[in-house]
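Structure assessment
Read off the chains here:
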Amino acid sequence: MPSPSYVASVGSPLVPPPGVVEAVAATAGTDRREVVLDVVVPVRSGYAFTASAGQVVRFTTVDGPQVVDLNLWSRTDPRERFWAARTRQFYGTHLTTGQRLWSNLPFLRPLATFVADTIAYGRDSDDAGCHDLLGTRCDPYVNQLLSDAPYDFHCHSNLTRAVAGHGLTEFDVHDVINLFQVTGLMPDDKRYFMKTCPAQPGDHVELLAETDLLMAISLCPGGDLAVPLWGEGSDAEPNCNPLRVQVFELAADVRSEIAQLGWGPSERAKYAGVHGTRHGLAQPTGVPPSLADRSTAH
Ligand SMILES: [Zn+2]
């Protein structure tokens, strides 16, 4: 039996300081958080917004099930963005409370942390989970490829339109986390499958912004994904529902409480070795040291 390659245990940077998630979650529904953004995003559309470090972002399925594709960037440098693959290595194929969304290289820090998840889906009888890191966004290119039809409101396009006002393009859109989306791998050949979204009206997830963020969402035109996106049966009308986005500022006493617990805005990983080229642009000479030799003298 193999063991996990990455272990997110207490004291590891892979998990928030103990007590922080609980302290933030306890402010829900109280006057210890103040609304700074509250919008309802229409079906089959995208929306971009900012959240500052220490603010809480809530996504709520107000009327019924709806899959939501989420992208995140550092607000100060959009080259830093969510890295789905590394996040999946850290925690697994589906995320929930206490787990963090990490950024790409050469940054590698938490961009946001799940502090609430009313779905709390776990694993079902098909070994499927919710809040999917296995897949990515739907897009018009694969739609054209598989259906020979142009369609402008897939998640990739919705995200592209959403971030255009922030100076970004479709090249900035990246692999998503699919909130409220249930997925898994076939037991025999591990092909990807999607199941109907289980979210009920009022279900929500909350993310604590770990740094200043630009976030963008797409309300998937597949809606609750009960209808296949491609192939047989895909001509039926998907069940689509709007999504509420809220951003909250935590009260000063909560901010100082979590600071005392050890929380602060995340910092980029401290590696500064420039990949062995620190002595010039020439390639290093000789045999490179083994991984076990972590001396900085090379
Ligand atoms: Zn989609």
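Attention here is on the structure that accompanies the text. (Residues numbered from 1 in each chain as written. Predicted model: local features only at pLDDT ≥ 70, side-chain atom pairs only at ≥ 80, totals over all residues. Heavy atoms only, no water.)

**Some points on the overall build of the protein chain**
Formally: Each helix is a run of H or I in the DSSP string that is no shorter than four residues. Each strand is a run of E no shorter than two, and both are numbered from the N terminus. Each residue is placed in one exposure class: buried if its accessible area under a 1.4 Å probe, protein chains only, is under 20% of its type's maximum, exposed if it is over 50%, and partly exposed if it falls in between. In short, Shrake-Rupley with a 1.4 Å probe defines the accessible areas, and a residue's cover is counted only from the protein chains shown. For the purpose of charge, His is not counted, nor are the chain termini; Lys and Arg are scored as positive and Asp and Glu as negative. Here the site of a charge means NZ on Lys, CZ on Arg, CG on Asp, or CD on Glu.
What the protein chain contains, in helices and strands, is 5 helices and 12 strands. C-alpha extents for the protein chain along the principal axes are approximately 65 × 50 × 45 Å. Taking all 298 residues of the protein chain together, 47% fall into the buried category. Element-wise, carbon and sulfur atoms account for 55% of the exposed surface of the protein chain, whose accessible area totals about 14,800 Å². Distance between charge centroids for the protein chain: 8 Å, based on 23 positive and 34 negative side chains.

**A look at the coordination of the zinc ion**
Any two of four tetrahedral donors ideally make an angle of 109.5 degrees at the metal, while pairs among six octahedral donors ideally make 90 or 180 degrees. Note the following rule: Sites may look incomplete, because water is not among the atoms used; the donor set itself consists of N, O and S atoms within 2.8 Å of the metal (3.2 Å for Na, K and Ca).
For the zinc ion, every protein donor is listed as Cys 138 (SG), Cys 155 (SG) and Cys 220 (SG), and the spread of their distances is 2.2 to 2.3 Å. Between the donor residues of the zinc ion, the gaps in sequence give the motif C-x16-C-x64-C. One end of the pair, Cys 155, is in helix 4 (residues 155-164); the other, Cys 220, is in the loop between strand 11 (213-219) and strand 12 (243-250), and 65 residues separate them in sequence.

**Quick notes on the packing of aromatic side chains**
Put simply, the rule is: Here the aromatic set is Phe, Tyr and Trp, taking the six-membered ring for Trp, and pairing holds for ring centres within 6.5 Å; pairs whose planes are under 30 degrees apart are stacked, those over 60 apart are edge-to-face, and all others are tilted.
Under the definition given, this model contains 6 aromatic pairs. Centroid distance Tyr 6 to Phe 90: 5.2 Å. Interplanar angle 70°. Geometry classified as edge-to-face. Of this pair, Tyr 6 sits in the segment before helix 1 (20-25) while Phe 90 sits in helix 2 (residues 84-91), placing them 84 residues apart in sequence. Owing to a relative accessible area of 31%, Tyr 6 belongs among the partly exposed residues under this scheme. A ring pair is formed by Phe 49 and Phe 59, whose centres lie 6.3 Å apart and whose planes are at 65°; its orientation type is edge-to-face. Within this pair, whereas Phe 49 is found in strand 2 (residues 46-51), its partner Phe 59 is found in strand 3 (residues 56-61), the two being separated by 10 residues in sequence.

**Some thoughts on the pattern of salt bridges**
Quick reminder of the rule: One side-chain nitrogen of Lys or Arg within 4 Å of one carboxyl oxygen of Asp or Glu is enough to make a salt bridge.
If you walk through the whole model with that rule in mind, you get 18 salt bridges. A salt bridge links Asp 212 to Arg 75; its shortest N-O distance comes to 3.9 Å. Highlighted residues: Asp 212 in the loop between strand 10 (203-209) and strand 11 and Arg 75 in the loop between strand 4 (68-74) and helix 2, separated in sequence by 137 residues. The class for Asp 212 is partly exposed, based on a relative accessible area of 28%.

**Section: the side chain of Asn 178**
Quick reminder of the rule: What qualifies as a polar contact is a pair of N or O atoms within 3.5 Å, subject to a donor-acceptor requirement within protein and to the restriction that residues adjacent in sequence count only when both atoms come from side chains. The contact criterion used throughout is that any non-hydrogen atoms of two residues lie within 4.5 Å.
Relative to the helices and strands, Asn 178 is located in strand 8 (residues 177-185). Classification of Asn 178 as buried rests on a relative accessible area of 0%. Side chain to side chain, Asn 178 and Asp 132 meet in a polar contact 2.8 Å long. If near-sequence neighbours (up to four positions away) are discounted, Asn 178 is found in contact with Val 68, Asp 69, His 131, Asp 132, Gly 135, Thr 136 and Tyr 192.

**Overview of helix 4**
Among the 10 residues of helix 4, 7 are classified as buried, and the element is accordingly described as predominantly covered. Listed as buried for helix 4 are Cys 155, His 156, Ser 157, Asn 158, Leu 159, Ala 162 and Val 163. Residues of helix 4 that are buried sit in contact with strand 2, strand 4, helix 3 (140-147) and strand 11.

**Quick look at unusual backbone geometry**
Residue Pro 106 is bonded to the preceding Leu 105 through a cis peptide linkage, with omega at 5°. Within the element layout of this structure, Pro 106 appears in the loop between strand 5 (100-102) and strand 6 (110-117). Its identity as a non-glycine residue notwithstanding, Asp 148 has a phi of 55°, on the positive side. Tracing the backbone shows Asp 148 in the loop between helix 3 and helix 4. Overall, Asp 148 belongs to the exposed group, its relative accessible area being 64%. Phi is positive for Phe 180, close to 65°, though the residue is something other than glycine. With respect to the secondary-structure elements, Phe 180 resides in strand 8.

**What to know about the nonpolar core**
Rule in force here: Nonpolar cores are built from buried Ala, Val, Leu, Ile, Met, Phe, Trp, Tyr and Cys residues. Side-chain atoms within 4.5 Å join them into one set.
Formed by 47 residues in total, the largest nonpolar core has its most connected members in Phe 59, Leu 70, Leu 101, Phe 180 and Met 215. Contacts of Leu 70, omitting those with residues within four sequence positions, involve Phe 59, Leu 101, Val 176, Ile 177, Leu 179, Leu 207, Met 215, Ala 216 and Ile 217. Within the second largest apolar cluster, 12 residues are counted, among which are Val 20, Val 21, Val 115 and Leu 208.

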